[in-house]
Amino acid sequence: MAIDTGFTAAAVLARAAAMAGYAPSVHNTQPWRWTIRTDRMELTAVWSRQLPAIDPDGRLLLLSCGAALHHARTTLTATGWDYAVERLPTPGRPDLLAVLTPTAHRQPDPAATRLVQTMEVRHTDRRPVSDTPVSETTLKQVVAAAEAEDVACGLLTGERVFDLAAAASRADAVEKADPEIQEELAYWIGRHDRLGIPSNTLTGSQPATTVPVRDFGQPGVLPSGPGHDRAARYAVLFGANDEPSSWLRAGEALSAAWLTATRLGASVLPLSAVIEVPVTRTALRRAIDELGWPYLVLRIGVADPDHTGAVHPPRLPTAQIVDVEEVRHLLDQE
Ligand SMILES: Cc1cc2nc3c(=O)[nH]c(=O)nc-3n(C[C@H](O)[C@H](O)[C@H](O)COP(=O)(O)O)c2cc1C
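What comes next concerns the included structure. Bear in mind the structure is a predicted one, so any value in this text is a computation, not a measurement. (Residues numbered from 1 in each chain as written. Predicted model: local features only at pLDDT ≥ 70, side-chain atom pairs only at ≥ 80, totals over all residues. Heavy atoms only, no water.)

1. Some details on the overall build of the protein chain
Summing up its helical and strand segments, the protein chain has 11 helices and nine strands in all. Relative to the compact-globule value of 20 Å for 334 residues, the protein chain shows a C-alpha radius of gyration of 19 Å, a close match. The dimensions of the protein chain, computed from C-alpha atoms along their principal axes, are 55 × 40 × 40 Å. Counting only contacts in the protein chain whose residues sit at least 6 apart along the sequence, the fraction spanning at least 24 positions is 76%. Working note: accessible area of the protein chain is about 14,100 Å², and carbon and sulfur atoms make up 53% of it. The protein chain carries 31 positive and 40 negative side-chain charges, and their two centres are separated by 2 Å. (Helix = DSSP H or I, 4+ residues; strand = E, 2+ residues; numbered from the N terminus. Rg over C-alpha atoms; globule rule 2.2 N^0.38 Å. Contact = heavy atoms within 4.5 Å. Areas by Shrake-Rupley, 256 points an atom, 1.4 Å probe, with all protein chains shown as cover. Lys, Arg positive; Asp, Glu negative; His and termini not counted. Charge placed at Lys NZ, Arg CZ, Asp CG, Glu CD.)

2. Quick notes on helix α5 (residues 159-176)
An ideal rise of 1.5 Å per residue puts 26 Å on 18 residues; α5 measures up with 26 Å between its terminal C-alpha atoms. Among the residues of α5, those classed as buried are Val 161, Leu 164, Ala 165, Ala 167, Ala 168, Ala 171 and Glu 175. Along its buried surface, α5 packs onto α6 (179-188), β6 (233-239), α8 (273-276), α9 (278-287) and β8 (293-301). (Expected span 1.5 Å × (residues − 1). Buried < 20%, exposed > 50% of the residue type's maximum accessible area, 1.4 Å probe, protein only.)

3. Here's the deal with α9
Where α9 is concerned, the buried positions are Thr 280, Arg 281, Leu 284, Arg 285 and Ala 287. Down the axis, α9 shows its buried residues gathered within 165° of arc, on one side only. Along α9, exposed side chains directed more than 90 degrees from the buried face belong to Pro 278 and Arg 286. The elements touched by buried residues of α9 are α2 (59-78), α5, α8 and β8. Trailing α9 by a residue or two, Asp 289 shows a phi angle of about 55°, which is positive. (Arc of directions from axis to C-beta.)

4. Comments concerning the site of the ligand
If you check the shell around the ligand, you find 23 residues, and the closest are Arg 122, Thr 124, Arg 126, Ser 272 and Arg 315. At 3.3 Å, a backbone N or O of Pro 270 approaches a nitrogen atom of the ligand. Against a free-state accessible area of 620 Å², the protein chains account for coverage of 99% of the ligand. For the shell around the ligand, the elements supplying multiple residues, two or more each, are α2, α7 (244-263) and β7 (267-271). Looking at the shell around the ligand, the element that brings in the most residues is β7, giving three residues. (Near = heavy atom within 4 Å. Polar contact = N/O pair within 3.5 Å; in protein donor to acceptor, adjacent residues only side chain to side chain.)

5. Description of the pattern of salt bridges
Within the structure shown, the criterion is met by 26 salt bridges. A salt bridge links Glu 252 to Arg 73, with the nearest nitrogen and oxygen atoms 2.6 Å apart. Of the two residues, Glu 252 is situated in helix α7 and Arg 73 in helix α2; the sequence distance between them amounts to 179 residues. A salt bridge links Glu 252 to Arg 249, with the shortest nitrogen-to-oxygen separation between them at 3.3 Å. Of this pair, Glu 252 and Arg 249 both sit in helix α7, three residues apart, which is roughly one turn of the helix. For Glu 252, a relative accessible area of 0% gives the class buried. One salt-bridge network, held together by shared partners, links Arg 73, Arg 87, Glu 149, Asp 150, Arg 249 and Glu 252. (Salt bridge = Lys/Arg side-chain N within 4 Å of Asp/Glu carboxyl O.)

6. Overview of the environment of Arg 249
On the basis of relative accessibility, which here comes to 16%, the residue Arg 249 falls in the buried class. Separated by 88 residues in sequence, Arg 249 and Val 161 have C-alpha atoms that sit 25 Å apart. Among the polar contacts made by the side chain of Arg 249, one reaches the side chain of Glu 149 at a distance of 2.8 Å.

7. Considering the pairing of strand β4 (residues 96-105)
In terms of burial, β4 is largely enclosed, as eight of its 10 residues are buried. Bridge analysis of strand β2 (residues 41-45) against β4 gives four bridges, and the strand direction is antiparallel. Bridge pairing in β4 links Met 41 to Leu 100. Two strands pair when backbone bridges link them, and strand β3 (residues 81-87) and β4 are joined in this way by seven bridges, in the antiparallel orientation. Bridging from a neighbouring strand, Tyr 83 pairs with Pro 102 of β4. (Pairing = 2+ DSSP bridges.)

8. A closer look at the packing of α2 against helix α3 (residues 110-119)
α3 packs onto α2 with a crossing angle of 130° between their chain directions and a minimal axis gap of 8 Å. When the axes of α2 and α3 are compared, the pair comes out oblique. Handedness of the α2/α3 crossing: left-handed. Mapping the contact onto sequence places His 71, Thr 74, Thr 75, Thr 77 and Ala 78 in α2 and Ala 112, Thr 113, Leu 115, Val 116 and Met 119 in α3. (Axes fitted to C-alpha atoms, helices over the stretch in contact; angles between N-to-C directions. Parallel < 35°, antiparallel > 145°, perpendicular 65-115°, else oblique. Left-handed = near helix turned anticlockwise from the far one by under 90°.)

It is worth stressing that arrangement in space is one thing and function is another; only the former is reported here.
So this is what it looks like as structure tokens:
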């Protein structure tokens, strides 16, 4: 059933696309574009912002786009719209990642509304976490949010955390020894075009944590503080298949888990170097008992309460990521 094609539909879809701009993306590449049509919105990948050195298969690009897709879906639900979603609907068009078609209007959804309220404040906090443990209730809700997107989310315990630490150290060494990866990393740090990672979101020194976080090769300004990762929990998003449709879905699970964690006061840091390096990605399979293919590692913790966290890195202007040409006449009528 198509919804009315007037201003309301166009405006709702355009707003969902704009909110999707707050989604996390690898190196803040924001590799997505939305096209608003009279009865649907389409998500396409911007392959020119793929990271060829660390992400030759596009798995992190698709994870990022999946996060944007979940942000848009959640915004539609919050405003009371049911929708149909088709993922990778057209064989032979790998750039068309998803189509969202609103189907019926109901009551605004309070749970989705609370998640939408966190979109603008959710951010990547690269500081060590505090010694306050994340409550089991919070962990359960974060895991449940990811799993509601049909992606497994396994919390690592005991020895498994040391396996992860070893894999993360090895991934770090492999990437540091690769000049193309280092060049690519340097290209995305400290830019002034609303893309990439500003130095005010990086720590001044490399934190001394059991599981090493990504070394961006340039010091930032955030205090590392006395924190460690003793109280952090590590989770792996994984699934049965290792292909584009699973990576897109994993991005949706990432968004669901991260927005839920933010709502509950927990901080999340994705660790993707172990996924980028083939040998450590395979090693990580052992940490999840060979139950599936790992898509992303998440560090979940309680942020240092004595210091404000990182600021949100800038995003591209909405006009650059949302194409409203087909519905402009509707929007202009209001
Ligand atoms: C698929 C994916 C992988 C990421 N990997 C890392 C990582 O390894 N280390 C890191 O510090 N941040 C990582 N991030 C976080 C991004 O750098 C961050 O989302 C982006 O800079 C935008 O900042 P924000 O999350 O604060 O909005 C990753 C994000 C995504 C979506």
